[in-house]
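Structural features, examined
The primary structure of each chain is shown beneath.
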Amino acid sequence: MIKVIFPDGVESSCNEGTTFFEVLKGHDSEILKNSVAVKVDGELKDLRAALKGDSTVRVEPVTADSKEGLEILRHSASHVMAQAVKSLYGNVKLAIGPAIEDGFYYDFDTEKPFTPEDLEKIEARMKEIVKADYRFTSDALPKKDAIALFAGMGERYKEEIISEIPDPTVSVYRQSDFTDLCRGPHVPSTGYIKAFKLTGMAGAYWRGSEKNKMLQRVYGTAFATKEALKEHLDRLEEAKRRDHRKLGKELDLFSTSEEIGSGLVLWHPLGSTVRRLIEDFWKNEHVKDDYSIVYTPHVAQVGLWKTSGHWDFYRENLYSPMDVEGQEYIVKPMNCPFHIQIYKSRLRSYRDLPIRYAELGTVYRYERSGALHGLLRVRGFTQDDAHIFMTPSQLEEEIKGVLKFTLYILKSFGFNEFDIFLSTRPEKYVGDLENWTRAEAALKGALESTGLKYSIDPGEGVFYGPKIDIKIKDVIGRSWQCSTIQVDFNLPERFDVTYRDENGAESRPIMIHRALMGSLERFFGCLVEHYAGAFPTWFAPVQAVILTVTDRNNDYAETVCKRLREEGIRAELDKRNEKLGFKIREAQLKKIPYQLVIGDNEVKDGMVAPRKRGGETLPAMPLDEFIRHIQAENRPGVLK
RNA sequence: GCCGGCGUAGCUCAGGGGCAGAGCAACUGAUUCGUAAUCAGUAGGUCGGGGGUUCAAUUCCCCCCGCCGGCUCCA
């Protein structure tokens, strides 16, 4: 007899050989209904597997709606998809088919790429397989036998995978006539996969390397219930609705032009207004925080990048040099060497440090055409960059300050949730170990001081120093990589940056690179999606639009508009000969925060009748009262 | 860069080897109107660009450019 302990503390005893199915049934048949697998002493197992071995085991049901359960469900769905594909198309070789973040995929080596119609056919066949409710069964095989098995089926990718598995035996899973190499576990039968959908397909290289053959990847997703699946698909729709590329066009914020070139952004007047407000706020806050704002050229001699090391390390992202009177110049991919030159323009004392140079610096980097994406990945963009030069002993204090400042700026735009990562020393690094240890401790100390949660990415730091990355979470839960704070031991060395220390000796400062928004393009794209284009009053490009009811109201409306503008409010006047409902609809579609209706009543009483973007109408009020009302929101950081 | 899809009026999209289409927007006129679309009329096209097949190409084929979904990359 084996003693079984359940998570709720209940114990029971079962014979060796009892399946977990039966074990759970005896415990709680309700939970069994929702379970796809079990965790036995922390290890995931099939429900069909049997108790064995130890005298006491802890058994925990894994339900389909849990993180691990979903993963199992999706992984099983990928097997069902593979079965469907194999049964529909001859001569298909299987590569890999894992569960991923929001679903699963399977890579196939096919003669012909799949078409959208194939996707439908595959999904239909999958439904048949689910309906047939085939059992998932598993076998352990010695590697040699497994290789022979898959070689017999012509599955050369599987052979390759098996030969790289260190264990002496591997497991295979079968459902109906389909066999696949798999670690498992799986749901007990295909009928468990009640809610799934194929979501797309794409080419994907075998093992992710461009040197290898391109395979056909089919993406899908699966959930515990139809409701959860629908919710997920609705979320995708919602994301589509918020897409900054779509809203950018609809709201006339920005565009790109084929004549100009890919990845080069035109900021239209309304988008430019938002950008200007972001920039003004950014500059003011930096000055308050004791940064010096600087400006630097867009091109420079290539030698600068040879010294910095970028010419050797990142050549493929740099634009080709241009000849200027026999000298080679390139358009700048980064701002740091310029800031270093400003630093080096005279002798610096330890008394001058820290020195903080900040710049909204526009840089150009070559990105492969396939990598470009709206405002999020472009070839020309403006970094909200800063470089801080300090003595090693100032590092921790400085990082604390930068971190606090970063969070303050992000919160001012309405971002309050973050995923924070600390990346530590990689295998290949420059600088001495002592500095690394110190810098990592400093970054850690600064993170601890914020009280925010963070995770450590060991070995993921850049070769020149450890870093903190902050991803902001938007309203629908997506993460956006924006802020980065990087310690750099390398550039001060390469450019021979120095200061005079307390003893008059030449010392090497440490540098921090940091960007809060990353780039204005990316941050703006993120803001558009976060707010679905309905920007808070303080950075809405148009804050109030005045809508006249008839031509009789035009003169008064003009004075209202003029007055608002004098008060610094971005107001527009719509005196077109259209019905009020039409004007409201347009203002609403433009997502303007306030619509001021002016008809005969308002003219008579010297009032305005405000209507909010959400549809709420406020009682008619004197203009001065409305100005007070909107001014209360017209300040950086106020998010109405 | 690679795989697949797409590119038709300012926008959203339909069409398809033989006259280039709709809705919205624009323009003109009428209407002077109270909280999400007033009515009528007019104009608008190198069907992304180049080449080929054909009596005839926007449609079929090839090349290029751009966009979209991925792969890859992201200092």
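What you see is a predicted model, and the numbers here were worked out from it, not measured in a lab.

What follows covers the sheet that holds strand β19 (residues 327-331). Strand order in the open sheet made by the three strands is β17-β19-β18, with antiparallel pairing throughout. Here the strands that pair on one side only, and so sit at the sheet edges, are β17 (299-301) and β18 (322-324). The average angle at which neighbouring strand axes cross in this sheet is 40 degrees, direction not considered. As paired elements, β17 and β19 share three bridges and run antiparallel to each other. Looking at the pairing, Q301 lines up with Y329 of β19.

If you look at the biggest cluster of nonpolar residues, it comprises 64 residues, and the most contacted ones within it are F413 and I468. Per-element tally for this core: the top contributor is helix α13 (residues 395-412), with eight residues. Taken domain by domain, this core gets at least three of its residues from each of domain 3 (273-296 + 335-360 + 384-530) and domain 4 (537-631). Contacts of F413, omitting those with residues within four sequence positions, involve I278, F281, F523, L527, Y531, W538, F539 and L639.

Another aspect to go through is the side chain of T484. One can find T484 in strand β25 (residues 479-488). Polar side-chain contacts of T484 include one of 3.3 Å to the side chain of Q486. Those residues in contact with T484 that lie beyond four places of it in its chain are K467, I468, D469, H513, R514 and A515.

A separate point is the domain arrangement of chain A. Annotation of chain A at the domain level lists domain 1 (2-63), domain 2 (68-239), domain 3 (273-296 + 335-360 + 384-530) and domain 4 (537-631). Once you take the C-alpha centre of each, domain 1 and domain 4 turn out to be 67 Å apart.

Next up on the list: unusual backbone geometry. With an omega of -5 degrees, the peptide bond running from L353 to P354 counts as cis. Structurally, P354 is set in the loop between α12 (336-343) and β20 (355-364). Its identity is not glycine, yet D41 carries a phi of approximately 50 degrees, on the positive side. Its place among the elements puts D41 in the loop between β3 (35-40) and β4 (43-45).

A separate point is the packing of aromatic side chains. Enumeration according to the criterion identifies 29 aromatic pairs in this entry. Summarising the aromatic geometry, the rings of F281 and F413 are spaced 5.6 Å apart at their centres and angled 80 degrees between planes, so their arrangement reads as edge-to-face. Residue F281 is located in helix α9 (residues 269-288), and its partner F413 is located in the loop between α13 and β22 (418-423); the two are separated by 132 residues in the primary sequence. The residues F281 and F413 share a single accessibility class, namely buried. Measuring from ring centre to ring centre gives 6.2 Å for F524 and F535, while their planes differ by 25 degrees; the resulting arrangement is stacked. In this pair, F524 is assigned in helix α16 (residues 520-530) and F535 in the loop between α16 and β29 (544-548), connecting sequence segments 11 residues apart.

Looking now at the protein's contact with RNA strand B. Around RNA strand B sit 51 residues, and of these E210, S369, R377, N577 and R585 come closest. At the protein interface, 50% of the atoms of RNA strand B within 4 Å belong to sugar or phosphate. Between a base nitrogen of RNA strand B and a side-chain N or O atom of Y205, the distance comes to 2.8 Å. A distance of 3.4 Å is found between a base nitrogen of RNA strand B and a side-chain nitrogen or oxygen belonging to Q588. Of all the secondary-structure elements, those providing two or more residues to the surface near RNA strand B are β12 (195-205), β13 (214-223), α8 (244-250), α18 (580-589), α19 (600-605) and β32 (607-612). The greatest single-element share of the surface near RNA strand B, amounting to seven residues, is contributed by α18. Of the residues contributing to the surface near RNA strand B, the split by class is 17 nonpolar, 18 polar and 16 charged.

Another aspect to go through is helix α5 (residues 143-152). Looking only at α5, the buried set comprises K143, A146 and F150. Each buried residue of α5 sits inside an arc of 60 degrees when the element is viewed along its axis, so together they form one side. Across from the buried face of α5, at angles greater than 90 degrees, the exposed residues are K144 and G152. Against β9 (137-142), α6 (156-163), β10 (169-175) and β11 (178-181) lie the buried residues of α5. One or two steps after α5, the chain reaches G154, where phi turns positive at roughly 75 degrees.

This part is about the pattern of salt bridges. This structure, assessed with the given rule, holds 43 salt bridges. R217 serves as the salt-bridge partner of D107, at 2.7 Å between the closest nitrogen and oxygen. Linking D107 in strand β8 (residues 103-109) with R217 in strand β13, this pair joins segments that are 110 residues apart in sequence. Residue classification places R217 among the buried positions, given a relative accessible area of 14%.

On to the side chain of K332, then. With respect to the helices and strands, the residue K332 is situated in the loop between β19 and α12. Of note is the side chain of K332, whose polar atom sits 2.8 Å from the side chain of T296. The residues touching K332, leaving out its near neighbours within four places in the chain, are T296, P297, H298, V299, W305, F338, E359, G361, T362, V363 and Y364.

Time to look at the environment of G445. Inspection of the secondary structure puts G445 in helix α14 (residues 433-450). Sequence separation between G445 and I278 is 167 residues; the distance between their C-alpha atoms is 30 Å. The contacts of G445, once residues within four sequence positions are left out, are E396 and K400.

It is worth spelling out the pairing of strand β21 (residues 380-390) at this point. The element β21 is largely enclosed, with a buried count of 11 among its 11 residues. Where β21 lies against strand β28 (residues 510-519), seven bridges are found, and the strand directions are antiparallel. In the sheet register, F389 faces β28, and the bridge partner there is M511.

In the case of a regular strand, side chains alternate between the two sheet surfaces. Where β9 lies against β10, six bridges are found, and the strand directions are antiparallel. Each residue of the ladder has a partner; that of A140, found in β10, is S171. Both β10 and β11 contribute to a ladder of four bridges, which runs antiparallel. Note that in β11 the partner of V172 across the bridge is L181.

Right, let's talk about the sheet that holds strand β30 (residues 571-574) for a bit. The strand order across the open sheet built from five strands is β30-β29-β31-β32-β33, with neighbouring strands paired in mixed fashion. The open sheet has two free edges, formed respectively by β30 and β33 (621-622), since each of these has just one partner strand. Relative to β33, β32 runs antiparallel, the two being bridged by two bridges. If you follow M607 over to β33, its bridge partner there is P622. Along the sheet, helix α17 (residues 554-566) contacts β29, β30, β31 (594-598) and β32; its crossing angle with β30, the most-contacted strand, is approximately 170 degrees.

Thresholds applied
Residues numbered from 1 in each chain as written. Chains lettered and ligands numbered in written order. Predicted model: local features only at pLDDT ≥ 70, side-chain atom pairs only at ≥ 80, totals over all residues. Heavy atoms only, no water. Pairing = 2+ DSSP bridges. Helix = DSSP H or I, 4+ residues; strand = E, 2+ residues; numbered from the N terminus. Axes fitted to C-alpha atoms, helices over the stretch in contact; angles between N-to-C directions. Core = buried A, V, L, I, M, F, W, Y, C linked by side-chain atoms within 4.5 Å. Buried < 20%, exposed > 50% of the residue type's maximum accessible area, 1.4 Å probe, protein only. Domains from an automatic or database assignment. Contact = heavy atoms within 4.5 Å. Polar contact = N/O pair within 3.5 Å; in protein donor to acceptor, adjacent residues only side chain to side chain. Phe/Tyr/Trp six-rings, centres within 6.5 Å; stacked < 30°, edge-to-face > 60°. Near = heavy atom within 4 Å. Nonpolar A, V, L, I, M, F, W, Y, C, P; charged D, E, K, R; others polar. Arc of directions from axis to C-beta. Salt bridge = Lys/Arg side-chain N within 4 Å of Asp/Glu carboxyl O.

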